[in-house]
Every structure is written in structure tokens, then in C-alpha cells.
Amino acid sequence: MGDSVACVARRGPASEVDFALIGHQESWRAAADVLAVLRGPERTPLPDDEIKDLLPWIPPRAVCHLNVGSIVGAKARGLYIDSFIPPDRLEAAYVHENIARVRGAAACAINTGAKIVSLGGFSSILIEGNFDQLPERHDTAFTTGNTLTVAFIVQGIKKLCALEGRNLQRSTLLIVGATGDVGSGCAHCLAPMVKRVLLSARNVERLRRLAAELQAQGVQVEIATSLQRFSAEADLVICAASLASPSLLLGQIAPGALVCDAGYPKNLSPRAELLGATVFFGGLGQITGGLRFAPDFHGILNRHPFPDVVHGCLLEGMALALEGRFEPFSQGRGSITRERVEEMEAIAARHGICLAPLYNADGPVEDGPHGQTEKQPMQETAGQKWIRE
Amino acid sequence: MEPLIDVKASPMECTSLSTSAPIWQDILAQAMTGELLAAMNYASLSEICDDPAEVADALEHAQGERGHAAAFAAEGIKIGVDVPSNVDAKHWKRLRDAFLRCIAERDFIGCLIVQEIMLESFAVASYSRVGKVAPGSLGKTFARIAAEEEDHVDHAMSILRAERALAAQRFDDKVYRLHLEVMTTLAQMLAKECKDGHCEVCHASCVKPRLFDVSLSAAELRGASLRQYLRTLDMLGIPGEVTLSWVTQLPV
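Predicted model only: the values in this text are computed from it and were never measured. (Residues numbered from 1 in each chain as written. Chains lettered and ligands numbered in written order. Predicted model: local features only at pLDDT ≥ 70, side-chain atom pairs only at ≥ 80, totals over all residues. Heavy atoms only, no water.)

**Some thoughts on the sheet that holds strand β15 (residues 353-355) of chain A**
All names here are of chain A.
- Reading across the sheet, the three strands line up as β14-β12-β15 and stay open at both edges, with antiparallel pairing between neighbours. Edge positions in the open sheet fall to β14 (309-311) and β15, since each of these has one partner strand only. Between one strand axis and the next, the sheet turns by 40° as a mean value, whatever way the strands run.
- Here strand β12 (residues 284-287) runs beside β14; their pairing, made up of three bridges, is antiparallel. Bridge pairing links Leu284 to His311 in β14.
- Sheet contacts for helix α6 (residues 146-164): β12 and β15; angle to β15, the most-contacted strand, approximately 40°.
- Strand contacts of helix α9 (residues 312-323): β12, β14 and β15, with the helix running at about 100° to β14, the strand carrying the most contacts. (Pairing = 2+ DSSP bridges. Helix = DSSP H or I, 4+ residues; strand = E, 2+ residues; numbered from the N terminus. Axes fitted to C-alpha atoms, helices over the stretch in contact; angles between N-to-C directions. Contact = heavy atoms within 4.5 Å.)

**With respect to the packing of aromatic side chains**
- Applying the stated criterion across every chain, the model contains seven aromatic pairs over all chains.
- When the ring of Phe72 of chain B is compared with that of Tyr127 of chain B, the centres are 5.3 Å apart and the planes differ by 75°; the resulting orientation is edge-to-face. In this pair, Phe72 of chain B sits in helix α2 (residues 52-78) while Tyr127 of chain B sits in helix α4 (residues 108-133), placing the two residues 55 residues apart along the sequence. Across the pair, exposure class does not vary: Phe72 of chain B and Tyr127 of chain B are buried alike.
- Seen in terms of ring centroids, Phe72 of chain B and Phe142 of chain B are 4.7 Å apart; in terms of plane orientation they differ by 35°. Their pairing is tilted. Taken together, the residues Phe72 of chain B in helix α2 and Phe142 of chain B in helix α5 (residues 136-166) connect sequence positions 70 residues apart. Residue Phe72 of chain B shares its accessibility class with Phe142 of chain B, and that shared class is buried.
- Three or more aromatic residues link up through ring pairs in this structure, and these residues are Phe281, Phe306 and Tyr359 of chain A.
- Here the guanidinium or amino end of Arg340 of chain A rests over the ring plane of Phe329 of chain A, the centre of that ring lying 3.7 Å away. (Phe/Tyr/Trp six-rings, centres within 6.5 Å; stacked < 30°, edge-to-face > 60°. Buried < 20%, exposed > 50% of the residue type's maximum accessible area, 1.4 Å probe, protein only. Lys NZ or Arg CZ within 6 Å of the ring centre and 35° of its normal.)

**Topic: the pattern of salt bridges**
Residue and element names in this part refer to chain A.
- Overall, the coordinates contain 28 salt bridges over all chains when judged by the stated rule.
- For Arg166, the salt bridge identified is with Glu164, shortest N-O distance 2.7 Å.
- For Arg166, a relative accessible area of 24% translates into the label partly exposed.
- With its nearest N and O atoms 3.0 Å apart, the salt bridge here joins Arg325 to Glu343. Taken as a pair, Arg325 in the loop between α9 and α10 (338-350) and Glu343 in helix α10 lie far apart in primary sequence, 18 residues in all.
- Under the relative-accessibility criterion, Glu343 is labelled partly exposed at 29%. (Salt bridge = Lys/Arg side-chain N within 4 Å of Asp/Glu carboxyl O.)

**Remarks on the environment of Cys206 of chain B**
- Among the structural elements, Cys206 of chain B can be located in the loop between α6 (168-190) and α7 (218-236).
- Residue class for Cys206 of chain B comes out partly exposed when judged on its relative accessible area of 25%.

**Some words on the confidence of the model for chain A**
- Across chain A, the average pLDDT comes to 86, with 86% of residues at or above 70.
- Note on residues 1-14 of chain A: pLDDT is under 50 here. Beyond four places in sequence and across chains, it has 22 contacts. (pLDDT = per-residue confidence, 0-100.)

**Things to note about the interface of chain B and chain A**
- Taken together, the 26 residues of chain B in the interface contact 26 residues of chain A.
- Taking both partners together, chain B and chain A bury about 2400 Å²; carbon and sulfur atoms supply 59% of that area.
- The largest share of the area that chain B buries against chain A comes from Glu241, Leu244 and Gln249 of chain B, three residues that together contribute 26% of it.
- Where chain B meets chain A, there are five salt bridges.
- Between Glu50 of chain A and Lys192 of chain B there is a salt bridge whose closest N-O contact spans 4.0 Å.
- At the junction of chain B and chain A, the tally comes to 11 residue pairs in polar contact (both at pLDDT 80 or more).
- For the side of chain B that touches chain A, the secondary-structure elements that each account for two or more residues are α6, α7 and α8 (240-248) of chain B.
- It is α7 of chain B that provides the largest number of residues to the side of chain B that touches chain A, a total of 10 residues.
- Its residues assigned to classes, the side of chain B that touches chain A shows 10 nonpolar, seven polar and nine charged. (Buried area = accessible area lost by both parts, 1.4 Å probe. Polar contact = N/O pair within 3.5 Å; in protein donor to acceptor, adjacent residues only side chain to side chain. Nonpolar A, V, L, I, M, F, W, Y, C, P; charged D, E, K, R; others polar.)

**Some thoughts on the sheet that holds strand β9 (residues 236-239) of chain A**
All names here are of chain A.
- Taken in spatial order, the six strands line up as β8-β7-β6-β9-β10-β11 in an open sheet, and their pairing is parallel. The open sheet has two edge strands with one neighbour each: β8 (221-224) and β11 (278-281). Strand-to-strand twist in this sheet, taken as the mean axis angle between neighbours without regard to direction, amounts to 15°.
- Summarising the sheet, β9 and strand β10 (residues 258-261) pair through four bridges and their orientation is parallel. In the strand pairing of β10, Leu236 is matched with Leu258.
- Across the sheet, helix α8 (residues 204-215) touches β7 (196-200) and β8, and the angle it forms with β8 is around 175°.

**Regarding α9 of chain A**
Residue and element names in this part refer to chain A.
- Between the first and last C-alpha of α9 there are 16 Å, a value that for 12 residues agrees with the 16 Å anticipated at 1.5 Å per step.
- Among the 12 residues in α9, 11 count as buried, and that is most of the element.
- Of the residues flanking the end of α9, it is Gly324, one or two places downstream, whose phi is positive at about 75°. (Expected span 1.5 Å × (residues − 1).)

**Observations concerning unusual backbone geometry**
- Here the residue pair Ala294 of chain A and Pro295 of chain A is connected by a cis peptide bond, since its omega of -5° sits within 30 degrees of zero.
- Positive phi, close to 70°, is recorded for Glu200 of chain B, a residue that is not glycine.
- Note that Glu200 of chain B resides in the loop between α6 and α7.

**Regarding helix α2 (residues 28-39) of chain A**
- The end-to-end C-alpha distance of α2 of chain A, which contains 12 residues, comes to 16 Å, matching closely the 16 Å that a straight helix rising 1.5 Å per residue would cover.
- Every buried residue of α2 of chain A is accounted for by Trp28, Ala30, Ala31, Ala32, Val34, Leu35, Leu38 and Arg39 of chain A.
- Elements that come into contact with the buried residues of α2 of chain A comprise α3 (48-54) and β2 (61-69) of chain A together with α8 of chain B.
- Directly after α2 of chain A, the chain includes Gly40 of chain A, whose backbone phi takes a positive value near 90°.

**A short note on the confidence of the model for chain B**
- Mean pLDDT over chain B works out to 91, with 93% of the residues at or above the 70 mark.
- Contacts from residues 11-15 of chain B, a stretch scored under 50 in pLDDT, to residues over four places away or in other chains number eight contacts.

**Here's the deal with the environment of Pro307 of chain A**
All names here are of chain A.
- By secondary structure assignment, the location of Pro307 is in the loop between β13 (291-294) and β14.
- For Pro307, a relative accessible area of 34% corresponds to the partly exposed category.
- When the C-alpha atoms of Pro307 and Pro357 are compared, they prove to be 9.9 Å apart, with 50 residues separating the residues in sequence.

In C-alpha cells, the structure reads:
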């Protein structure tokens, strides 16, 4: 048995698991890297065709253990569970198959005794409107993690607007995928701060309901099921659709717009030509109290150019575990309010989970120092010491 | 000595599957060889059992596996082909040798792990897939035998779970040791291409490239077998992250 596997096999009983994160890989490259770690450095990596043949047959299961620390000394143990949705099946045509996989992953999480489970990426999109499809759960709470995702999207937009000297109050905000949980949460948080809001989604009834809620707060709103219906005036854009659409925004936004791609998989192509727009990947946070994987999946399961950066949806589960609040904080669709976002921000911040440095496919989009240099506290915390040991 | 199998089919029942018959012939040959090997394994197992009930159980299983082999042979006759078997073919012989090492050590649990967890996972999954696409009684026979093999696994599972409950780490180490030996051989058998020469069971060239002609593929049979194996290990309670590493480390 390889050392890393033996190490995992000899871990403590399952009841020591505080949280579980359910995710999947968004590209075949990412999936190949995960399998390469599991296969070990002494074996040649699997050829691409073998990976594509094998991965769809892998049942949902734990891939690695995680230890996360807080800047105030709290600590939590968790598991990363992959649903092994093949990256080329992240489409509506496979929705039933994918829900079955997420259900399988949820059953794994329940079996481990995890007290709270975060649903990452496509998993939360699949389940946010279908919580009743999760397996029967007794002492395990499920959260989509969407509240913290919304918090980091909003924080990222505010930060970049401030850095670029943009005036939010004069902006026209376009939200693509506006009726999803993340999209509508962003609308509730940002709409009162901007001049005008354009909402785009496939379901016109849901669009009308959301627009009515915002209009009741005095927000100027326009809705459309197709972006072509809007004039190209949006200078602030959030892409929170559930599917990738590389040419989504071509010609549909103002030149020089600020675009937050908050999708997983990414909504936009890295090569999207958006007329001088500033694009950044939104919804990402950074853990400053320490994060350790066993086996070591650093940079493999969190593929970001900065250390200890993780998607907000997964961080929500970790934050709640560190806080000892094992409750379904984010559930259902359309229930994310500004108050709930502020509450989650406070929980996360208390444990040193903050907005990640902003970046896109070309690298950082912020000037000045990035990453842990500016994020880490001056002295090692008890949580960090525990992680290091 | 009683014959290994008793074939109950007459040429009168033959139907022609024309061009696909040679493919089904090779699929049946692999299945029949596996069943005969399983019958030999259970017969060997009966020799190390102390409890008369366990002896009877093992002999009953051996008889059942011979019945499965006979059923496959009979299906061959129905489609007009002779179904050969070769328990001394290189991969199958290695699997038999691995089982016999457990017998030599009088390791009843090891025997169950090899036969019920590893070999039966392969049989249940591949027979089920074949059962879905094979025509007529051929498909029904594969599906029926897959269901019967699954019952065997259920029977063994309670014994193995109880054994693991006594000392989980020791049990998992034993499974891993046997996995390296047995599943490596099975993975080589299940590879998309036979890279180390003829398997000594197919009647002519390797059947794998022609499986597409009967709506099967080597990749599908391997994937289904490994998934069944992982699920069986899950039911034993071995951590999923551990068994995932085991499987990803197998040769392709």
C-alpha cells in the first residue's frame, strides 16, 4: 500500500468528520490531475483516453481528508467527496444522471457522519431547487454554500470598482442567470446600490417575480430571456448561469465593462473578446488560518494562482464547521438576503476566511501585493499551528 | 469422476446468429472458463472448511457454478458454436494460483475475498452488461446467472463484514494484498487491448476489437466491473478514498 493511502486508511473513525465538501472537476485536465495524485508519482499518469473511459464509472466517493484552521484557534476536520460527474456531461441533457451522482455523494457524506455538507459547483445548482431529492439525513445538515459565494461576488465587485474608480451608483448592472440562487442573491445585495438592473434568465415567470421584488424596493429593473433584448449598456456584469457559454456577452455589454464570471464551470471562455472589459473570477475566498489535504491535493483540488483559495460555496461549509453551527444555512432558491449575506460574511471573517485576491485566466487583476502576503496575520494562530503539525 | 459440466441442450434448439456467432462464442468461452474456475475454487474451499455446514455450502456453490458453465455451453449449442474453456489460460491460471495460495494457508476469509469480492464483481458486472445486449435466451441466461452470482456475494458479505468488525485495519490490509495480486491480473484481462499476447481463451484473434459489433466494448465491461468492485468494497466498509486509490493504481 502506498504511504499516502496507508496514512488515510489509518485515520480515526468517521464520526470525527465535521464537514464534507461535495464537488466535481470542471475539465478533463483537472480530472487527470486528481487521478494522477491518486495513482502516485511512481506510476505513469493514465493516458487521456483511459481517463475518459474510466472516470464515468467511478461511483461518488471521498477523495481526500481536509484539516482547516481558524485565526481564532478553532479547527475542523473534513472530507472532499467527488461526485465524478464527467466534465463533458455538465449539461442539461445529463441532469438526471448528475442528480443521481450528487445524491450518491450526499449519501457518502451522510455515511461518514459529517455534521455539515457543502454542495460545490454544479452540485449546488442541481440541488438548490430540489432539496427533497437528497437522501434521508438525520444529523447531517446540507448547505448549498451560495450565501458565501454571493458575499464574495459582491465584495469582489465593490473592491474592483473602488480600485478602478468606478461609481457603483452610476452603473447599470446585468446579471446573467439572475433567477438562480446566486444570481438572485447578487441582485438583492447589489440592486439597491446601482442605477439600473438588467436581469436575464431562461424562466420568464421567475424573472417577473424577482423584478417585482426589486421594484418594490424602488429599483429600476428590466428583464429578458435573451441578452439580445437589452441594449449594450451594462457596465457591470455578473455571469452566474449554470452552463458555460463562451460567446454569451459578445456585443451585449458596454465597452470597458467590469465582468464577474462566477460560474462553475466558468461561463465565459478565457479567450472571450469583450471590448476592453475587465474580467475576474468571482465567488472565491481565501483561508488564512490554514488548510491541509491528505493526501496532498494542494493546487489540484483548488486550482487557483494563490494559496488556500477555495470556492465560496465550499468555504461556507468550512466556516460553519469552524463556528460550530451545523445548520442548513443556505437552502432552496431565492432566499439569500442582504442580512443573511452579512451574517455569513461575519462568520467567515471571524475565522479568517476572506475575499481571495482577484484574478482571471491571464493572472491577477489587482495592482499591488496579492495573496497570503497581505492576508496572513502577523503571528501564527493556534489553528495554523494545528494545521502545520 | 463426475463430468465437470452436464450440458443440457440439443442441436435442434440451434438458431443462427450468423456473423456475430464467433463473437458470442468467445464471450461464452470466457464466461464458461470463469465458471469452471469458480467451481474448482469452491471445491478447493470445501477442503479447508471445518464446519460441515460450510463444507456443504462450498460444495453446493461448486455445483451451482458447474451449472452456470453448462448453461453457457448450452447457449453455444443453440447458436451453433462449440464453447471451449481453458482454466489453464495464462490470466485464469494466475487467478486460480492466487486462490490456491489462500487455500494452502487455510485462509477461509482470503478465499472469500478473492472469489466473492473480486472475481464475482467482475462476473456480476460483465454478465449484466452482456445480458442487456445479447439476443434471446443468450441474454436471459447471462442476466439470470448475473443475478444468481449477486446472491453469492450477498451471502459472503455478512461473513466478511463480521470479520472486518473484529479488526478493520488487519482486514483492509489483507484485502489490499489480495487486490494487488488478483485485481492486477483482472485489470490486465479487462484492458481495452490485450498488450501481452493472446489470452489463450478466444478461439482466434482477440475478441475485444469486435465487441462493438454486438453493442459492447472492452472499456464498458472494464468500467462496469471496476464500479461493481468499488461498490462491493464500499459495502464492506472500507473507506472510499482508500479503494479509489487502489483502483486508480491498477494497470490499464
